[in-house]
Amino acid sequence: MGSLSPSINPRLVSQATSYDPVSFRRVFGPVLTGPQARPDMTGACRRSRRRAVYAMKNSNEDFVNCDSEWKSKFKEDFEKRFNIPHISDFFPDAASYPSTFCLSMRTPVNEEFAEGYPSDEEWYGYINNDDRVLLKVIRYSSLSSAGAECVDPDCTWVEQWIHRAGPREKIYFKPENVKAAIITCGGLCPGLNDVIRQIVITLEIYGVKKIVGIPFGYRGFGKEIDEIPLSRKVVQNVHLSGGSLLGVSRGGPSLDEIVDSMEDRGINMLFVLGGNGTHAGANLIHNECIKRGLKVAVVGVPKTIDNDILLMDKTFGFDTAVEEAQRAINAAYIEAHSAYRGIGIVKLMGRSSGFIAMHASLASGQIDICLIPEVPFELHGSHGVLNHLKYLLETKGSAVICVAEGAGQSFLEKTNAKDASGNVVLGDIGVHIQQEVKKYFKEMGNPTDVKYIDPTYMIRACRANASDGILCTVLGQNAVHGAFAGYSGITVGICNTHYVYLPITEVISYPKIVDQNSRMWHRCLTSTGQPDFL
């Protein structure tokens, strides 16, 4: 999908770097994020003061010229942005039908139900279209509160409601006319097979007979690759192993070629499993289908071990990745503590693997230094990582370092190389730290025993644990419910323990990164006992 990359990546990058992500976005992020136009709240409501926690901005402007109606404008804008696209928005004459998903009747839907679906029994398991879930549940009283997310300098409480996920009483596709396709894009992630399995099973319960898998992500829409027929019998046990039944890849055909292929194949439901770039591609497919007048439901399921998708509690694969990382961390700990002046270094892969590194540090209790992309650090100098390592060896006799892949890229030579999705290829910070540690202590005349562990593909390729398996199950089911309810250009996720539908445009508006002022990062620092390395 290389041709889509120029349309995807500039938006993500510019949204992430236009403003200081620590200060400006926390206050006005909910208003200014996303690709579409926003009310200029910054012009109307200038910030009264910049707290110490926002040290990057050193302004003390008075809070002046505030629009007295900014709160109602904010609410209106929020509701407009988070109003999920529906088939009827683009096809006003789209007909609805009684849902074929009814747990009071477990017999699969067949031809005799056409036109008159399916059960005369009343069932109370449907979600009302007006059901909402509260996006933010903490009412901050001050910008100085750890992790504060406010929409104005006084931290005024503004309710932000998003759409609840689940089966609806009315559906907008006749099951006998549906051809559903599933694709898995990007890198491997624990739980892919679990989601595929649940999508297929739920589609069959609705009565869908034509279900296919598109092999190797968006590349599978090329003419040389055949689709894979799917059924409950095919997917029954796929969740018992890691990887993806359908295969994964980056890149692929152009947008026009993808939609042409979908049209030729008769696909009118597309389920896309992937991260930010994949979702951006799914949104372009949704828009192109609307442009061509194709009644197609495009629904995303966020997939990333890095947990870096906006607005969601967590994404599937994250819990498994943290759990699997414990094996590598424990091995590094044992190696380090069994050696004279031993140092264990574990590198965790992922463009936003800071979340994995933090949670792994908290879970293991064996990490002395945690280095992540969002928090700058120095290797040398009196406050550097190497000097702290020297202190740890003198006091403890050993040390363990956990470093996220994207950390410390300023220390490495830039190549400007990019992968098939258009992402910058990151340098190997783990190897660099290993070499610097060896060199530092050798020059001091007091060498150390350094053990370096990179568990990258062991983490990505393993089977989902029980926690992720449950999450995958519900996400897969709700993806199908959303498609049949007539929604498109949406993704499904978990927010404040509830399952929700979100517009793809909002979850890809900028990358989710670790907040240095968050309680989670503070907990990590308390657990490791590390100082500020600047």
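Residues numbered from 1 in each chain as written. Predicted model: local features only at pLDDT ≥ 70, side-chain atom pairs only at ≥ 80, totals over all residues. Heavy atoms only, no water.

### Some remarks on the overall build of the protein chain
Okay, so step 1: Each helix and strand in the protein chain was counted, giving 17 helices and 15 strands.
Okay, so step 2: Relative to its full complement of 534 residues, the protein chain shows a buried share of 56%.
Okay, so step 3: Of all intrachain contacts in the protein chain linking residues separated by at least 6 positions in sequence, the fraction that spans at least 24 positions is 77%.
Okay, so step 4: Taken as a whole, the protein chain presents about 22500 Å² of accessible surface, with 49% of it coming from carbon and sulfur. (Helix = DSSP H or I, 4+ residues; strand = E, 2+ residues; numbered from the N terminus. Buried < 20%, exposed > 50% of the residue type's maximum accessible area, 1.4 Å probe, protein only. Contact = heavy atoms within 4.5 Å. Areas by Shrake-Rupley, 256 points an atom, 1.4 Å probe, with all protein chains shown as cover.)

### Quick word on the sheet that holds strand 6 (residues 210-214)
Okay, so step 1: Judged by pairing direction, the sheet is mixed, and its 9 strands sit side by side in the order 2-3-15-14-9-8-5-6-7 without closing on themselves. Of all strands in the sheet, those with a lone pairing partner are strand 2 (132-134) and strand 7 (228-229), marking the two edges.
Okay, so step 2: In the sheet, strand 5 (residues 179-184) pairs with strand 6 via 5 bridges, with the strands oriented parallel. By the bridge assignment, Ile183 is partnered in strand 6 with Ile214. (Pairing = 2+ DSSP bridges.)

### A look at the nonpolar core
Okay, so step 1: Membership of the largest hydrophobic core comes to 77 residues, with the highest contact counts inside it found for Ile182, Leu203, Met269, Phe271, Phe316, Leu348 and Phe484.
Okay, so step 2: Setting aside chain neighbours within four positions, we find Leu348 in contact with Ala325, Ser353, Ile356, Ala357, Ala360, Cys402, Val403, Ala404, Glu405, Pro455 and Ile459.
Okay, so step 3: Val133, Leu135, Met262 and Ile267 belong to the second largest nonpolar core, which has 34 residues in total. (Core = buried A, V, L, I, M, F, W, Y, C linked by side-chain atoms within 4.5 Å.)

### Quick word on the pairing of strand 15 (residues 498-503)
Okay, so step 1: For strand 15, the tally of buried residues reaches 5 of 6 residues, placing the bulk of the element in the interior.
Okay, so step 2: Two elements, strand 3 (residues 161-164) and strand 15, share 2 bridges in a ladder whose sense is antiparallel. When the sheet's bridge partners are listed, His163 is paired in strand 15 with Tyr501.
Okay, so step 3: When strand 14 (residues 490-495) meets strand 15, the two strands line up antiparallel, connected through 6 bridges.

### Brief notes about the sheet that holds strand 10 (residues 342-348)
Okay, so step 1: What the 4 strands build is an open sheet, ordered 11-12-10-13; its pairing is parallel. Whereas interior strands pair on both sides, the edge strands pair on one side only; in this sheet they are strand 11 (369-371) and strand 13 (449-453). Averaged over neighbouring strand pairs, the angle between their axes works out to 15° when direction is ignored.
Okay, so step 2: Pairing between strand 11 and strand 12 (residues 398-404): 3 bridges, direction parallel. Note that in strand 12 the partner of Leu371 across the bridge is Val403.
Okay, so step 3: The sheet strands contacting helix 10 (residues 318-338) are strand 10, strand 12 and strand 13, and the helix crosses strand 10 at an angle near 165°.
Okay, so step 4: Along the sheet, helix 11 (residues 354-364) makes contact with strand 10, strand 11 and strand 12, crossing strand 12 at roughly 150°. (Axes fitted to C-alpha atoms, helices over the stretch in contact; angles between N-to-C directions.)

### Section: the pattern of salt bridges
Okay, so step 1: Taken as a whole, this structure holds 17 salt bridges when the rule is applied.
Okay, so step 2: Glu227 is paired through a salt bridge with Arg265; the nearest N and O atoms lie 3.1 Å apart. Placement of the pair is Glu227 in the loop between strand 6 and strand 7 and Arg265 in helix 8 (residues 255-265), with a sequence separation of 38 residues.
Okay, so step 3: Two residues, Lys390 and Glu394, come together in a salt bridge whose shortest N-O distance is 2.9 Å. Within this pair, Lys390 and its partner Glu394 are both found in helix 12 (residues 385-395), separated by 4 residues, close to a single helical turn.
Okay, so step 4: Beyond isolated ion pairs, a larger network of salt bridges with shared partners links Asp256, Asp260, Glu263, Glu288 and Arg292. (Salt bridge = Lys/Arg side-chain N within 4 Å of Asp/Glu carboxyl O.)

### A look at the side chain of Thr320
Okay, so step 1: Here Thr320 lies in helix 10.
Okay, so step 2: Judged by its relative accessible area of 3%, Thr320 is buried.
Okay, so step 3: Of the polar contacts made by the side chain of Thr320, one reaches the side chain of Asp468; its length is 2.5 Å. (Polar contact = N/O pair within 3.5 Å; in protein donor to acceptor, adjacent residues only side chain to side chain.)

### Remarks on the packing of helix 11 against helix 17 (residues 519-528)
Relative orientation and spacing of two packed helices are given, respectively, by the angle between their axes and the distance between those axes.
Okay, so step 1: Contact pair helix 11 / helix 17: the axes reach a minimum separation of 9 Å and the direction vectors enclose 45°. Classified by the angle their axes make, helix 11 and helix 17 are oblique. Note that helix 11 runs across helix 17; the crossing there is left-handed. In this structure, helix 11 uses Met358, His359, Ser361 and Leu362 to contact helix 17, whose residues at the interface are Met520, Trp521, Arg523, Cys524, Ser527 and Thr528.
Okay, so step 2: Split by residue class, the contact of helix 11 with helix 17 holds 5 nonpolar, 4 polar and 1 charged. (Parallel < 35°, antiparallel > 145°, perpendicular 65-115°, else oblique. Left-handed = near helix turned anticlockwise from the far one by under 90°. Nonpolar A, V, L, I, M, F, W, Y, C, P; charged D, E, K, R; others polar.)

### A few points about the environment of Ala466
Okay, so step 1: When you line up the elements, Ala466 lands in helix 15 (residues 466-484).
Okay, so step 2: With relative accessibility at 61%, the residue Ala466 sits in the exposed group.
Okay, so step 3: Once the C-alpha coordinates of Ala466 and Thr320 are considered, the two residues, 146 residues apart in sequence, prove to be 8.6 Å apart.

### As for empty space enclosed by the protein
Okay, so step 1: Counted under the stated rule, the structure contains 2 cavities of 30 Å³ or more.
Okay, so step 2: Of the voids in this model, the second largest cavity is the one considered here, and its volume is about 30 Å³.
Okay, so step 3: Contributing to the lining of the second largest cavity are Ile305, Leu348, Met349, Ile356, Thr456, Ile459 and Arg460.
Okay, so step 4: Considering each element in turn, the lining of the second largest cavity owes the most residues, 3 residues, to helix 14 (residues 456-461).
Okay, so step 5: Residues that form the lining of the second largest cavity fall into these classes: 5 nonpolar, 1 polar and 1 charged. (1 Å grid on protein atoms, 1.4 Å probe; cavity = no way out; pocket = protein on both sides within 12 Å on 5 of 7 lines; lining within 4 Å. Points joined across faces, edges and corners; volume = space filled by probe spheres on them.)

### Notes on helix 8
Okay, so step 1: Along helix 8, the residues classified as buried are Leu255, Ile258, Val259, Ser261, Met262 and Arg265. Buried residues of helix 8, viewed axially, fall in a sector of 155°; they line one side.
Okay, so step 2: Contact partners of the buried residues in helix 8: strand 5, strand 6, strand 8 (269-274) and helix 9 (276-292).
Okay, so step 3: Looking one or two places after helix 8, you find Gly266, whose phi comes out positive at around 80°. (Arc of directions from axis to C-beta.)

### Overview of the state of the cysteines
Okay, so step 1: Applying the stated criterion across every chain yields a total of 1 disulfide.
Okay, so step 2: A disulfide bridge connects Cys150 with Cys155, and the sulfur atoms are separated by 2.1 Å. On the S-S bond that ties Cys150 to Cys155, the torsion sits near 70°, and the link is right-handed.
Okay, so step 3: Judged by its relative accessible area of 7%, Cys155 falls in the buried class.
Okay, so step 4: Here Cys402 is not disulfide-linked; the sulfur of Cys370 is the nearest cysteine sulfur, at 5.1 Å. (Disulfide = S-S within 2.5 Å.)

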